Amino acid sequence: MTTVSIRAPGISPPATTKARRRIRTRLPAAFALLPTALVVLVVYIGCMLWTVRLSFTSSTLLPKLDWVGLAQYSRLFANDRFLTSAENIVIFGALFISGCLILGFLLAVFIDQNVRGEGIFRTLFLYPYAMSFVVTGVAWQWFLNPGLGLQKLVRDMGFESFTFDWLVNQDMAIYTIVIAGLWHGSGLTMAILLAGLRGVDEDLWKAARVDGIPTWRVYTSIVLPLLRPMVVTATVLLATGVVKLYELVVAMTLGGPGIATEVPAKFVMDHLFERNNIALGTAAATIMLIAVVSVLAPWVYARYVRPQGRHA
Amino acid sequence: MSAVEPHGRRPRHLTIGRIGIYAFLITAALFFLLPLWIMIVTSLKPMDEIRLGNIVALPTAPTFEAWTKAWSSACTGLECNGISVGFWNSVRILIPSVVLSIAAGAINGYALSFWRVKGANLMFGILLLGAFIPYQVFLYPLVRIFSMTGVYNSLLCIVLVHVIFGLPTMTLLFRNYYAGLPLELFKAARIDGGGFWTIFLRVILPMSTPMIVVASILQVTGIWNDFIFGLTFAGRENLPMTVQLNNIVHSTQGERAYNVDMAATMLAALVPLVVYFVSGRWFVRGIAAGAVKG
Amino acid sequence: MSAVSVRDVTVAFEAFRVFDGLSLDIEEGEFIVLLGPSGCGKSTLLNAIAGLLDVSSGQIWIGGRNVTWEEPKDRGIAMVFQSYALYPRMSVRQNMSFGLKMAKTPKAEIARRVHQAAELLQISHLLDRRPDQLSGGQRQRVAIGRALVRDAAVFLFDEPLSNLDAKLRNELRVEIKRLHARLGKTTMVYVTHDQIEAMTLADRIVVLKEQKVQQIGSPDEIYRRPANLFVAGFVGSPQMNFIKGRIEGSGTGPEFVSGQRRLPLAEYRFVSKPRPGQQVVLGVRPEHLEIAEAGTWPGFKIDIVEPMGADMVIWCSDGEGSIQVRTHGSRRATPGTPLTLGVDVGQVSLFSAETGERI
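In this convention, every chain numbers its residues from 1, walking through the sequence in written order. Throughout, the order in which chains and ligands are written sets their labels, letters from A for the former and numbers from 1 for the latter. Thresholds applied to this predicted model are a pLDDT of at least 70 for local features of residues and 80 or more for the giving and counting of side-chain atom pairs; totals over whole chains, interfaces and linings are not thresholded and use all residues.

**A short note on the overall build of chain C**
By the criteria applied, helices consist of DSSP H or I runs no shorter than four residues and strands consist of E runs no shorter than two, each listed in order from the N terminus. Helix and strand content of chain C: 8 helices and 20 strands. In terms of principal-axis extent, the alpha carbons of chain C reach across some 75 × 45 × 35 Å. Exposure classes come from backbone-placed C-beta atoms, where a residue is buried if 20 or more other C-beta atoms lie within 10 Å of its own, exposed if 12 or fewer do, and partly exposed in between. Within the span of chain C, comprising 359 residues, buried residues form 40% of the whole. By sequence separation, contacts in chain C at least 24 residues apart represent 64% of the contacts at least 6 residues apart. Here, residues touch in the contact sense if the C-beta positions derived from the backbone fall within 7 Å of one another.

Following this line, the structure appears as structure tokens:
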């Protein structure tokens, strides 16, 4: 007993040196991560909180640190421009995401039918994704402008009464942005889903053929459920694109005609940097943040929190 | 010999279904090609022909006049030096931004996947979530920070912004790639007495070529195509090509010169298009890897 | 009338011909195993029979019908795959009934067949589970069940046990054999690279190599009278001993000679008449060699002993080459001990050194 109690303190010093040595060898790693940690702290957390804080002030041209409660938010929700922006982003988001998924899936399925020139088709469907939104917007603005573009083209072909003036039509302009968005993004969905299709076990296709299951039924009942992870990936990717929608609108319509194609990102940018209304701009940015988090939270929960609970 | 010939209907190879498949694919291909086509033909036409003629028709007498004008004398607001200014600005922004953001991503990814640093995973988690948050949430305070430190509206400023907002994707990319490397390799290097930087430079970095290629593709197209950061942080002297293009297209002086607009657009699209066509399958791999999979 | 008849079938991908005029007749109720190393074309042949692969020329008959251009579902076949190929996110019951539902089979009939198949395979308690909740062995049972409900006359198995561990593989092998016996008149075509599966299951084995049929015969024939060196070497573990030598004629008849080793061949059943001086390879299975007091071949010494429980493999050599002998596990053997080998002429095979064919 005594020997043990005497020896006990003698054992601990090596343990602490070991711990200390471990800290010393890890020090360069911690040091290497320091700049990123600073960025996370200052930009990703700090700037975000700062923006939220500003939304409760009466700042206009310069930031103030007073407190006006939710006053900016009530102004925001009475603001036509913002309400139109919110409505537009919902329309765009729904049509763009579902459109890209459907078109991308169809393209992937058709390409997967053992067609000739597969590489050419794949290249053609995906190249718009390499182009910037500004380029995309300018190109589609040119093609869809009623005076010289598509409308004139069809009229010159003999259909005198053909009308396609969506670009300058208050009610329809947002849909031209959806079209340009689809052109830009559906190739990406195609590429992701095609990779998924190629990963489907070939025996599964054989089994389905022996069972006499029609091809379309194999796709809907067997393949599509298998592609769920790819569909989720594509959706998340498209959804982040929706929230960031700004350049396309700026290049295509500048938010017009009138305020018909305003979107939240543009609302924030305009109020922060042109209209000198920092508080209203940050309030709109905060609403965007809340919207993203409320969409993101269930996904993060389903993906990271719940599975852990199940395995435990 | 005829006795063993198969009887009954031999499946034809060009059925109605097959024709339908090709019809769909070709229609889709036309939809995707059309904007590029009209951009090219418009940029090669004089304005008279554009006003009168057919938007999809080939130019009767192709001319590169619009291209020269777009490059060297189109007006971007008050100045009329063409989009070449923007092109060189974009190049000056692109090179340091791509190099630095890839270096940062590689170092972070290496530190995260091989070294256990307290709180590193929490930091990485926040960084990843940050990738989903709209930029508008960070922009104004960031502008304030940069103007307080005196770097606002400079080349350094825009490069820093690109590195900062490239961190999530770049870190994720390299972390996932390094996580796939055998840990034994790292352990062997540790036993041989390598420290943090020695192992990184001698062992890990030489194995990173595929990811560096993928990251480069991702960053070159991403940074070249950026509009919002260039507009907000670069300052008048350093505006990138996308911003200049938008200024050319939306400058309100006189009649719009569509041929010049389209030539400028083509010029702005050239770099990412070349990257796309040269990199081929790597491009797809890049966006697939860049897709936040967690 | 044969259940499956492959008549002069050629399968070609672009310019590459996988089979060139291959013919094979399979009797009703027969269990046929297509055996060969990977890339020998056995799966290609099975896929051609199933109709999953178009033949370039020739015919395929199943149940007296020319089905060369029929869809797989109309051929009266059922198939089981190596990767199970169960439909994900469908319950076991849905997996088994999906094909029948597509064929517009009445609901009651579907329920009856699923019930019956599940009973037979003892998977009734799993019917409401999904494939990802099943073990590998259970998944393959379900896959077999899905094939069973099709009430097909011909069952095709594409390496069904290759993804399972050794113990499960043995279990399911017996199960498949039992199933074949129970179903009575059902024909089974089974592809494998595992010679044990082939030996234990088959009524007849078709040995394939490089897209060519090497030998068709009962497991016993394949084992005892391999048609060529390839079949002799591929089937049997431990492998057959091969000894190069030549034929010498003597007064009492032909004799095999390899250095000091001689073997009179008077009792050997020749397929073709040997020429004196002909270069040959003698094949002897390890269990057909005896350790004898006064045997045929003296002068051997034990190199290595591999005890395997019931058996024991003794590697011995006589300076001219190494030979494996299989003997009782209870025998005492110490490396270095000299011994004499006895050869049973009735059990050996002789191959032409030139062509590799049996003589």
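**A few points about the overall build of chain A**
When helices and strands are counted, chain A shows 13 helices and 0 strands. Shown N-terminal to C-terminal, the secondary structure of chain A runs as helices and strands in the order α-α-α-α-α-α-α-α-α-α-α-α-α. The buried share of chain A, taken over its 312 residues, is 42%.

**Quick notes on the interface of chain A and chain B**
The interface of chain A with chain B comprises 74 residues on the first partner and 71 residues on the second. It is helix H1 (residues 2-54) of chain A that provides the largest number of residues to the side of chain A that touches chain B, a total of 18 residues. The residue classification treats Ala, Val, Leu, Ile, Met, Phe, Trp, Tyr, Cys and Pro as nonpolar and Asp, Glu, Lys and Arg as charged. All others, Gly included, are polar. Here the residues of the side of chain A that touches chain B are counted per class, giving 59 nonpolar, 9 polar and 6 charged.

**Some thoughts on the confidence of the model for chain A**
When pLDDT is low, close inspection of the predicted coordinates is not appropriate. Residue and element names in this part refer to chain A. The predictor reports its confidence for every residue as pLDDT, a score running from 0 up to 100. Averaged over all residues, the pLDDT of chain A equals 85, while 89% of them reach at least 70. H1 is the least confidently modelled element of chain A, averaging 72 in pLDDT, while helix H3 (residues 80-111) averages 94, the highest of any element. Note that pLDDT drops below 50 for residues 1-13; the model gives that stretch 0 contacts with residues more than four away or on any other chain. Confidence drops under pLDDT 50 across residues 308-312; counting only partners more than four residues distant or on other chains, this segment forms 0 contacts.

**A few points about helix H5 (residues 166-183) of chain C**
With 18 residues, H5 of chain C extends 26 Å between its outermost C-alpha atoms, agreeing within 8% with the 26 Å of an ideal straight helix rising 1.5 Å per residue. Once H5 of chain C finishes, Gly184 of chain C follows within two positions and takes phi at roughly 75 degrees, a positive value. A helix's residues, less one, multiplied by 1.5 Å, set its expected span.

**A word on the sheet that holds strand E10 (residues 212-217) of chain C**
Residues and elements named next belong to chain C. Read across the open sheet, the 6 strands follow the order E6-E7-E8-E3-E9-E10; overall the sheet is mixed. The open sheet terminates on both sides in strands that have one partner only, identified here as strand E6 (77-80) and E10. When the angles between neighbouring strand axes are averaged without regard to direction, this sheet yields 15 degrees. DSSP calls a pair of strands paired once it identifies at least 2 bridges connecting them. Judged from the 4 bridges that link them, strand E3 (residues 31-35) and strand E9 (residues 204-209) form a sheet pairing that is parallel. Following the sheet pairing, Leu34 is matched in E9 by Val206. The axes used here are C-alpha line fits, helices contributing only the stretch in contact, and every angle between their N-to-C directions lies in the interval 0 to 180 degrees.

**Focus: unusual backbone geometry**
Residues and elements named next belong to chain C. The linkage connecting Ser237 with the following residue, Pro238, adopts the cis geometry, with an omega of 0 degrees. Along the chain, Pro238 turns up in the loop between helix H8 (229-234) and strand E11 (241-250). Residues other than glycine seldom take positive phi values, yet Arg89 does so here, at roughly 60 degrees. On the secondary structure map, Arg89 appears in the loop between E6 and helix H2 (92-102). Phi at Glu210 takes a positive value of approximately 45 degrees, unusual for a residue other than glycine. Inspection of the secondary structure assignment puts Glu210 in the loop between E9 and E10. Taking the C-beta count within 10 Å as the criterion, Glu210 has 11 such neighbours and is therefore assigned exposed.

**Focus: the packing of helix H4 (residues 84-114) of chain B against helix H10 (residues 209-225) of chain B**
All names here are of chain B. Put simply, H4 and H10 touch, their axes get as near as 9 Å, and they point 140 degrees apart. Taken together, the axes of H4 and H10 are oblique relative to one another. Here H4 runs over H10; the crossing is right-handed. Every residue of H10 that contacts H4 at Ser90, Ile93, Leu94, Ser97, Val98, Ser101, Ile102 and Gly105 is listed here: Ile212, Ala215, Ser216, Gln219, Val220, Ile223 and Trp224. Looking at the contact of H4 with H10 residue by residue, the classes come out as 9 nonpolar, 6 polar and no charged. The cut-offs work like this: below 35 degrees is roughly parallel, past 145 is roughly antiparallel, 65 to 115 is roughly perpendicular, and the gaps in between are oblique. Crossing handedness is defined as follows: a turn of the near helix away from the far one that is anticlockwise and smaller than a right angle gives a left-handed crossing, while the clockwise case is right-handed.

**Considering the packing of helix H5 (residues 133-144) of chain A against helix H1 (residues 16-43) of chain B**
Direction vectors running N to C along H5 of chain A and H1 of chain B enclose 80 degrees, while the axes themselves pass 10 Å from each other. The angle between H5 of chain A and H1 of chain B falls in the class roughly perpendicular. Facing Ala139, Trp140, Trp142 and Phe143 of chain A of H5 of chain A, the residues of H1 of chain B in contact are Leu34, Pro35, Ile38, Met39 and Thr42 of chain B. Tallied by class, residues from the contact of H5 of chain A with H1 of chain B come to 8 nonpolar, 1 polar and no charged.

**What to know about the sheet that holds strand E15 (residues 289-292) of chain C**
Backbone-to-backbone hydrogen bonds pair the strands of a sheet. The strands run either parallel or antiparallel. Residues and elements named next belong to chain C. Strand order across the open sheet formed by 5 strands is E15-E19-E16-E17-E18, with antiparallel pairing between neighbours. Each edge of the open sheet carries a strand with a single partner, namely E15 and strand E18 (322-328). With strand direction ignored, the average angle separating the axes of adjacent strands in the sheet is 50 degrees. Both strand E16 (residues 297-308) and strand E19 (residues 338-343) contribute to a ladder of 3 bridges, which runs antiparallel. Paired with Trp297 across the strands is Leu341, a residue of E19.

**Points about the environment of Gly64 of chain C**
Mapped onto the fold, Gly64 of chain C is located in the loop between strand E4 (57-62) and strand E5 (65-66). Along the sequence, Gly64 of chain C and Lys104 of chain C sit 40 residues apart, while their C-alpha atoms lie 25 Å from each other.

**So, the confidence of the model for chain C**
When pLDDT is averaged along chain C, the result is 89; 99% of the residues meet or exceed 70. For this predicted complex, the interface confidence reaches an ipTM of 0.87, while the overall pTM sits at 0.84.

**Here's the deal with the environment of Ser352 of chain C**
Residues and elements named next belong to chain C. Structurally, the position occupied by Ser352 is in strand E20 (residues 349-352). Classification of Ser352 as partly exposed rests on a count of 18 C-beta atoms within 10 Å. Each C-alpha atom, one on Ser352 and one on Leu161, is 36 Å from the other, the two residues being 191 residues apart in sequence. When near neighbours in sequence (up to four residues on either side) are disregarded, Ser352 contacts Val280, Glu357 and Ile359.

**Regarding the pairing of E19 of chain C**
Pairing analysis gives 4 bridges linking E15 of chain C to E19 of chain C, with the strands arranged antiparallel. Counterpart to Ala292 of chain C in the pairing with E19 of chain C is Thr340 of chain C.

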